[in-house]
Structures are given as C-alpha cells and as structure tokens.
Amino acid sequence: MATAAKLDLSQIWVFSTCSKAELTKIRRAFTEVTVEAGRLLCEEGAPGEEFFIILSGTADVIRNGRKVNTLGPGQFFGELALLDHRPRSATVRAASEMTVLVLAQREFTGLLAEVPGLTKKLLQAVAGRLRAADSKAFH
Ligand code: CMP
C-alpha cells in the first residue's frame, strides 16, 4: 500500500494543477487512514468535521436510505458541510476496506486559502455534482 509520504499526489485529479511546493504542503496537512468495510465516514444530518480523498477501496453515498452513488480511488467527499457549515448532505459508508486521506476543517480551510488551484478543482467538482443532481431530478 502506498503511504502518503511516497504517494504521488499529482496523480489525483483534484491536485493535478498544484505545484511541487503546494503538493508538499498538502501532503503534510493530510493524514492517511485505513478503515474497515461498513465504517460510516459521514452521517447524513450530522455536523461535518473532515474532508476525505479515497486512495483505495470504494464508498457508497446514501441519501434518505437510498444509494445514490459509489465513489472510488482519486475521488473525494465531505467537502459540502465544510464549505457551507451545514449538516452532512449524505451518509458515506465504506463498501470495502479503504485507505483514505483525511483533512480536518481547519486545515481544509487553510489549504483552500493557500492553494487556488485546489479551490478551482473543488468548485469544478461541486459544479459537476450539482449538474448531475439536477439532471437526475428533472429527467
Ligand atoms: P457532505 O455533505 O459534507 O457529506 C456527505 C458527502 O457526500 C458530501 O459532502 C459530498 O461530498 C458527497 N455526496 C453527496 N451527494 C453526492 C452524490 N450524489 N454523488 C457523489 N457524492 C455525493
């Protein structure tokens, strides 16, 4: 298993425009954690304290008891509650054993201020999720 120290973060889409100096800063801010299958990483309605990036394994996104998506390596979740300080919009549950990079609210806010390329990628992803949710709601 790759460790955060050896991991090439520039291979992860959300970090793909970051400079080497920014990647070093990012690597220091994140903690790598392994979680067992079934573990709840976000709980719909609960306050959000962390942002996650998946290194290995998959997670189910569940809203109102219904699975709405599955996320895998390179994808991230948990950004919404940290951005708008409102409760988690969905439950995210490990569908297999997973390795994730975890970032606490304070470090998340700090990185967004210091790394504009990361902020832009996050906005792009949130826009994509909004479009996907809209097209599901109206078609
Ligand atoms: P947040 O609301 O903080 O916590 C739950 C997370 O699940 C949410 O942030 C998003 O990152 C993610 N999420 C919610 N809905 C979807 C969806 N339809 N597809 C993919 N990810 C989602």
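To be clear, the structure that these remarks concern was listed above.
Okay, so let's go over this structure. Since this is a predicted model, take the numbers as computed values, not measurements.

1. Observations concerning the sheet that holds strand S5 (residues 66–71)
Sheet architecture is open: 4 strands sit in the order S2-S7-S4-S5, paired in antiparallel fashion. If you trace the sheet from one side to the other, it starts and ends with strand S2 (40–42) and S5, each paired once. Recorded for the sheet is a direction-independent mean angle of 30 degrees between the axes of neighbouring strands.

2. Brief notes about the site of the ligand
In the vicinity of the ligand, 14 residues are found, and the nearest of them are Gly78, Glu79, Ala81, Arg88 and Ser89. At 2.6 Å from an oxygen atom of the ligand is found a side-chain nitrogen or oxygen belonging to Glu79. A distance of 2.7 Å is found between an oxygen atom of the ligand and a side-chain nitrogen or oxygen belonging to Ser89. Protein chains shield 92% of the accessible area of the ligand, which is 460 Å² for the free molecule. For the shell around the ligand, the secondary structure elements donating two or more residues are S5 and helix H2 (79–84). Grouping the amino acids of the shell around the ligand by side-chain chemistry returns 8 nonpolar, 3 polar and 3 charged.

Rules behind the numbers
Counting of residues starts from 1 at the beginning of each chain's written sequence and follows it residue by residue. In keeping with the model being predicted, local features are shown solely for residues with a pLDDT of at least 70 and side-chain atom pairs are shown and tallied solely at 80 or more, while totals for entire chains, interfaces and linings include all residues. Hydrogens and water molecules were not included; the side-chain quantities draw on all heavy atoms of the structure. Here, strands pair whenever DSSP counts at least two bridges between them. Labels follow the DSSP assignment, with helices taken as runs of H or I lasting at least four residues and strands as runs of E lasting at least two, numbered in each case from the N terminus. Here an axis means a line fitted to C-alpha atoms, over the contact stretch when the element is a helix, while the angle between two N-to-C directions is reported on a 0 to 180 degree scale. Nearness of a residue to a molecule or strand requires only that one of the residue's heavy atoms be within 4 Å of it. In protein, a polar contact means a hydrogen-donor-capable atom and an acceptor-capable atom, both N or O and within 3.5 Å, with residues adjacent in sequence counting only if both atoms are side-chain atoms; elsewhere, any N or O pair within 3.5 Å suffices. Using a 1.4 Å probe, accessible areas were evaluated by the Shrake-Rupley method; residue-level cover was limited to the displayed protein chains. Three classes are used: nonpolar for Ala, Val, Leu, Ile, Met, Phe, Trp, Tyr, Cys and Pro, charged for Asp, Glu, Lys and Arg, and polar for all others, with Gly counted as polar.

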